[in-house]
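Each chain is listed here by its residues.
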Amino acid sequence: MKKKLKKWLKMLKLIREEDKKKRESVDTRNQADTLIHSTEKNLKEHGSKITDAEKKAIEDASSSLKEALKGTDNEDIKKKTEALVQASMKLGEAIYKAQEKKPDSPDDSKNNDEGKKDDNVVDADFEEVKEENKEEDKEKSA
């Protein structure tokens, strides 16, 4: 009985380790796919903000990662994912700098509107009327 129990526990441990490896593999692949997609999107939108050499480096790293995803070597996928991250940093910097210089960004418009006056605002004086005064006014007018 103890032998069977030990055998089952050993099998469960092996199955758990296999599941962990599969999970890591899936996570690694998902991260790589997400990175490729976002990098290609940013490259299309902001590719003009970087040099051709930087653009080529990003495209090469992206292609290399796509090829790695066709295989099963997780370490290779991780290395090529990191290579794409490094290559695309220049693009991220260029996007950041462009947003920094942009005068019409939403954050700037909020700050600039604070000093402007609204044309529909009317200044008025008011007087607080107490309930006692209302009753006295009614008696006087009657």
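Right above here is the structure, for reference.
Presented here is an overview of the structure given in this document. (Residues numbered from 1 in each chain as written. Predicted model: local features only at pLDDT ≥ 70, side-chain atom pairs only at ≥ 80, totals over all residues. Heavy atoms only, no water.)

1. Looking at the overall build of the protein chain
Okay, so step 1: Scanning the protein chain from terminus to terminus reveals 5 helices and 0 strands.
Okay, so step 2: Beginning at the N terminus, the succession of helices and strands in the protein chain can be written as α-α-α-α-α.
Okay, so step 3: Counting every position in the protein chain, which comprises 142 residues, the buried fraction comes to 18%.
Okay, so step 4: For the protein chain, the share of sequence-separated contacts (at least 6 apart) that also reach a separation of at least 24 residues comes to 69%.
Okay, so step 5: Total accessible area on the protein chain stands at roughly 12,700 Å², and carbon and sulfur atoms take up 51% of it. (Helix = DSSP H or I, 4+ residues; strand = E, 2+ residues; numbered from the N terminus. Buried < 20%, exposed > 50% of the residue type's maximum accessible area, 1.4 Å probe, protein only. Contact = heavy atoms within 4.5 Å. Areas by Shrake-Rupley, 256 points an atom, 1.4 Å probe, with all protein chains shown as cover.)

2. A closer look at the environment of Lys56
Okay, so step 1: The residue Lys56 is located in helix H2 (residues 52-70) in this model.
Okay, so step 2: C-alpha separation for the pair Lys56 and Ala87, spaced 31 residues apart in sequence, amounts to 9.4 Å.

3. Let's talk about helix H1 (residues 2-46)
Okay, so step 1: The end-to-end C-alpha distance of H1, which contains 45 residues, comes to 65 Å, matching closely the 66 Å that a straight helix rising 1.5 Å per residue would cover.
Okay, so step 2: Buried within H1 are the following residues: Ser25, Thr28, Ala32, Leu35, Ile36, Thr39, Leu43 and His46.
Okay, so step 3: In the core, the buried residues of H1 are packed alongside H2 and helix H3 (74-101). (Expected span 1.5 Å × (residues − 1).)

4. Some details on a nonpolar patch on the surface
Okay, so step 1: Taken together, the side chains of Leu5, Trp8, Leu9, Met11, Leu12 and Ile15 make up a nonpolar region of the molecular surface, amounting to roughly 630 Å² of accessible area.
Okay, so step 2: The exposure class of Ile15 is partly exposed, given its relative accessible area of 42%. (Patch = residues over 30% accessible without salt bridge, like charges linked within 9 Å, V, L, I, M, F, W, Y side chains within 5 Å. Salt bridge = Lys/Arg side-chain N within 4 Å of Asp/Glu carboxyl O.)

5. Section: the nonpolar core
Okay, so step 1: Counting 16 residues, the largest nonpolar core has Ile50, Ile58, Leu65, Ile77, Leu84 and Leu91 as its most contacted members.
Okay, so step 2: Sorting the residues of this core by element identifies H1, H2 and H3 as the ones contributing at least two each.
Okay, so step 3: Once residues lying within four places of it in the same chain are set aside, the contact partners of Ile50 are Leu43, Lys55, Ile58, Lys90, Leu91 and Ala94. (Core = buried A, V, L, I, M, F, W, Y, C linked by side-chain atoms within 4.5 Å.)

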